[in-house]
Amino acid sequence: MAGQRQAHPNERFGAVVTACATVLFAEAVIGLIAAFVWGQTQEGPLTPINPMSLFLLVIAAPFLVAAAYVFGAILTVTAVTPLLRTAAWLGRRFSGREAWWWVPAATAAATAPPVLAGAILTDTGPLAGLAGWLAATAALTAPALVARRLLLPNRPRLSGRAMFWRAAMFGTLASVSAFTLAGIALSAGIGYEPPLLNAEQAAGTYSDGRGGTLTLTADGRVTASRLHTFDFSSPGEPLVRECSGIGVWNPGPADSPYVRQVDVSVDACPVDIDGFDVHGTREAPKLYATVGDPDAGEFYILRRAY
């Protein structure tokens, strides 16, 4: 068309890579928000936030963003572009013309085998596998549709800078919306809450599944049998000992009618056992004890056997 500048092929390719990488980066941010919300719904103690880790994250943020864009560019070349070509071929082959809906169709077919293989290898349930497939399909479909818009011959050409700012604007809006919705959902109470148990309901025998048991009675007595304790006095892996004996337990804060924490004291143990947090459900409570550094997120878990 007269008066319209024709984009150089390298410029078009650069615009596609820039736009797709920006979309993928925004999707990664939304994915992290979704993963955080999902983590809040899962049973178990929350890992405390380390201020030093946050400080290092802020310092490393520019490098992480640059690495994310490099990864997005690689993914654009190795995945998005082949998907677009496949979708165009399918459209011409089966309907005689290219159509946008061939993009999600081709993406769904391409992501199904690796997601299915991953679900089998990790023993993931059907619903989790289906959710992963839909998420992978959506994550690749969005940048592919953006790239298709840039490559359409009958649409005005857009530079890489223009597409970057458009994708960044909509990506920021989507990220802020996801963050807001996550805050509303967590405020509404979708996060995991430990069961509310009194001393009688918390009483019972808890097993670690490896021969160790802890029996609590409603009157505050406890019997430990081959219960694991951990000694971190030497470097490397903690030294695990088995504890057996009789002692007492306290149901946590005295001003609460519910058992929030089981503080155990058994004199016969080589290392004191304390600080079991009550989690699980009302019908199947569990006791969690932090092993080592609280930031590591490793726990010794006891499940009520009877």
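Scroll up a little and you will see the structure.
Scoring rules and cut-offs
Residues numbered from 1 in each chain as written. Predicted model: local features only at pLDDT ≥ 70, side-chain atom pairs only at ≥ 80, totals over all residues. Heavy atoms only, no water. Phe/Tyr/Trp six-rings, centres within 6.5 Å; stacked < 30°, edge-to-face > 60°. Helix = DSSP H or I, 4+ residues; strand = E, 2+ residues; numbered from the N terminus. Buried < 20%, exposed > 50% of the residue type's maximum accessible area, 1.4 Å probe, protein only. Pairing = 2+ DSSP bridges. Expected span 1.5 Å × (residues − 1). Bend = angle between axes of the 7 residues up to and from the residue. Contact = heavy atoms within 4.5 Å. Axes fitted to C-alpha atoms, helices over the stretch in contact; angles between N-to-C directions. Left-handed = near helix turned anticlockwise from the far one by under 90°.

Another point: the packing of aromatic side chains. Tallied over the entire structure, the rule returns five aromatic pairs. Relative to Y69, the ring of F25 has its centre 5.8 Å away and its plane inclined at 25°; by these criteria the two rings are stacked. Here F25 is found in helix α1 (residues 9-40), whereas its partner Y69 is found in helix α2 (residues 51-94), with 44 residues between them in sequence. For Y69, a relative accessible area of 24% corresponds to the partly exposed category. With a centroid separation of 6.2 Å and an interplanar angle of 25°, the aromatic rings of F94 and W102 are classed as stacked. On the basis of relative accessible area, W102 is assigned to the buried category, the value being 13%. Among the aromatic residues, ring-to-ring pairing joins W89, F94, W101 and W102 into one connected group.

Our focus in this paragraph is the pairing of strand β6 (residues 276-280). Buried residues dominate β6, accounting for four of its five residues. In this structure, strand β5 (residues 261-266) lies alongside β6, joined through two bridges in antiparallel fashion. Each bridged residue has a counterpart across the sheet, and for Q261 the counterpart in β6 is D277. Pairing of β6 with strand β7 (residues 285-290) involves four bridges; the strand directions are antiparallel. Residue pairing in the sheet places G280 in a bridge with P285 of β7.

Let us look at helix α3 (residues 102-121). Taking 1.5 Å of rise per residue, 20 residues should cover 28 Å, and α3 covers 30 Å from first to last C-alpha, within 8% of that figure. At A112, α3 shows its strongest bend, of approximately 35°, with the proline P113 following within four residues. Along α3, the residues classified as buried are W102, V103, A106, T107, A108, T111 and A119. Among the structural elements, α2 and α4 (126-151) are those in contact with the buried residues of α3. Following α3 by one or two positions, D123 has its phi on the positive side, about 55°.

Turning next to the pairing of strand β1 (residues 204-207). As defined by bridge partners, β1 adjoins strand β2 (residues 213-216) across four bridges and the pair is classed as antiparallel. The residue of β2 that forms the bridge with G204 is L216. Linkage of β1 to β2, two consecutive antiparallel strands, is achieved through a turn of five residues, within which G209 is found at a positive phi near 80°. By the bridge criterion, two bridges tie β1 to strand β8 (residues 299-304) in an arrangement that is antiparallel. Note that in β8 the partner of S207 across the bridge is R303.

Orientation of α2 relative to α3, taken along the N-to-C sense of each, is 115°, at an axis distance of 8 Å. Crossing handedness for the pair α2 and α3: right-handed. Between α2, through L83, L84, T86, A87, L90, G91 and F94, and α3, the contact on the second element is made entirely by W102, V103, A106, T107 and A110.

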